[in-house]
Amino acid sequence: MEFLFVSGDPALDFAGTMQYRYADPAELLRTPDDFREWIVRAGLLDVPPSVDEQQLMRAIELREAIYRLAIATRDGTRLAESDRAIVNGMALAPPVTMALGASGGILRSGDTEAVMATLARKAVVLLGSDRARLIRECDASWCSRLYVDSSRRGSRRWCSMASCGNRAKVAAFRERQQGR
Ligand SMILES: [Zn+2]
């Protein structure tokens, strides 16, 4: 699975597991195994937890609530009560625990419920803080990925230069060529 971690925040990377939301949506978390892989790749746990279908459905419900709240926060519009309830409810559970390893490093442990609690808390911290003002959407017309623009000038345009940035440049070049 091609997961990207370019959003500068786990909550937004999570929202990005539904790609191309406007034209041709692509679900990256199709099976419980996809979510297990994403959890480890996201660095939330060292070992993939067990995930059942019902947990996957709840994770997707959380993800969609985070996405809608992030858009509303960026737009300065009202946060939907139902979305806040989903995120706040899941944030109540005990999160992933962290411990210092014997030879350094962080040992992360917990189950899928803990992962969802951690993601919900990350969303609360991002959306409730000043960093929320830095939430942007990728400039590429086909991409709906959100990210935190922490560039010094606040001039970041793409979720990822390697994917959308280059693709947009190639598309612009072709357009110029055809215009000649
Ligand atoms: Zn993009």
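1. Concerning the overall build of the protein
Then, in step 1: When you go through the protein residue by residue, the secondary structure sums to six helices and six strands.
Then, in step 2: Its helices and strands in sequence order give the protein the pattern α-β-β-α-α-α-β-β-α-β-β-α, from N to C terminus.
Then, in step 3: At 18 Å, the protein has a C-alpha radius of gyration in line with the 16 Å of a compact globule built from 180 residues.
Then, in step 4: Along the longest, intermediate and shortest principal axes, the C-alpha atoms of the protein span 60 × 40 × 35 Å.
Then, in step 5: Sorting the 180 residues of the protein into buried and exposed places 31% on the buried side.
Then, in step 6: Excluding contacts between residues fewer than 6 apart, the proportion of contacts in the protein whose partners are at least 24 apart in sequence is 56%.

2. Focus: helix 5 (residues 112-127)
Then, in step 1: A rise of 1.5 Å per residue sets the reference length of helix 5, with its 16 residues, at 22 Å; its end C-alpha atoms lie 22 Å apart and thus fit the reference within 8%.
Then, in step 2: Extensive coverage of helix 5 is indicated by the burial of twelve of its 16 residues.
Then, in step 3: Taken together, the buried positions of helix 5 are occupied by Thr112, Val115, Met116, Ala117, Thr118, Leu119, Ala120, Arg121, Lys122, Ala123, Leu126 and Leu127.
Then, in step 4: In this fold, the buried residues of helix 5 make contact with helix 1 (10-15), helix 2 (32-41), helix 3 (53-75) and helix 4 (81-91).

3. Examining the pairing of strand 3 (residues 97-100)
Then, in step 1: Pairing geometry for strand 3 and strand 4 (residues 106-109), over four bridges, is antiparallel. Directly across from alanine 99, in strand 4, lies its bridge partner leucine 107.
Then, in step 2: Two successive antiparallel strands, strand 3 and strand 4, enclose a turn made up of five residues, where glycine 104 displays a positive phi of approximately 85 degrees.

4. Some details on the packing of helix 4 against helix 5
Then, in step 1: Here helix 4 crosses helix 5 at 125 degrees, and the two axes come no closer than 7 Å. Regarding the angle of helix 4 to helix 5, the classification is oblique. When you trace helix 4 past helix 5, the crossing you get is left-handed. Every residue of helix 5 that contacts helix 4 at Val87, Met90 and Ala91 is listed here: Met116, Ala117, Ala120, Arg121, Ala123 and Val124.

5. Some remarks on the environment of alanine 70
Then, in step 1: Checked against the element boundaries, alanine 70 lands in helix 3.
Then, in step 2: Counting along the chain gives 62 residues from alanine 70 to alanine 132, while the straight-line C-alpha distance between them is 7.9 Å.
Then, in step 3: Apart from the residues within four sequence positions on either side, alanine 70 is in contact with Leu12, Ala15, Leu127, Ile135 and Leu146.

6. Quick notes on the packing of helix 3 against helix 4
Then, in step 1: One can describe the packing of helix 3 onto helix 4 by two numbers: an axis separation of 9 Å at closest approach and a directional angle of 125 degrees. The angle between helix 3 and helix 4 places the two elements in the oblique class. Pair helix 3 / helix 4 crosses with left-handed handedness. Residues Glu61, Leu62, Ala65, Ile66, Arg68 and Leu69 of helix 3 touch helix 4, and the partners they reach there are Asp83, Ile86, Val87 and Met90.
Then, in step 2: The residue inventory of the contact of helix 3 with helix 4, partitioned by class, reads seven nonpolar, no polar and three charged.

About the criteria used
- Residues numbered from 1 in each chain as written.
- Predicted model: local features only at pLDDT ≥ 70, side-chain atom pairs only at ≥ 80, totals over all residues.
- Helix = DSSP H or I, 4+ residues; strand = E, 2+ residues; numbered from the N terminus.
- Rg over C-alpha atoms; globule rule 2.2 N^0.38 Å.
- Buried ≥ 20, exposed ≤ 12 C-beta atoms within 10 Å, placed from the backbone.
- Contact = placed C-beta atoms within 7 Å.
- Expected span 1.5 Å × (residues − 1).
- Pairing = 2+ DSSP bridges.
- Axes fitted to C-alpha atoms, helices over the stretch in contact; angles between N-to-C directions.
- Parallel < 35°, antiparallel > 145°, perpendicular 65-115°, else oblique.
- Left-handed = near helix turned anticlockwise from the far one by under 90°.
- Nonpolar A, V, L, I, M, F, W, Y, C, P; charged D, E, K, R; others polar.

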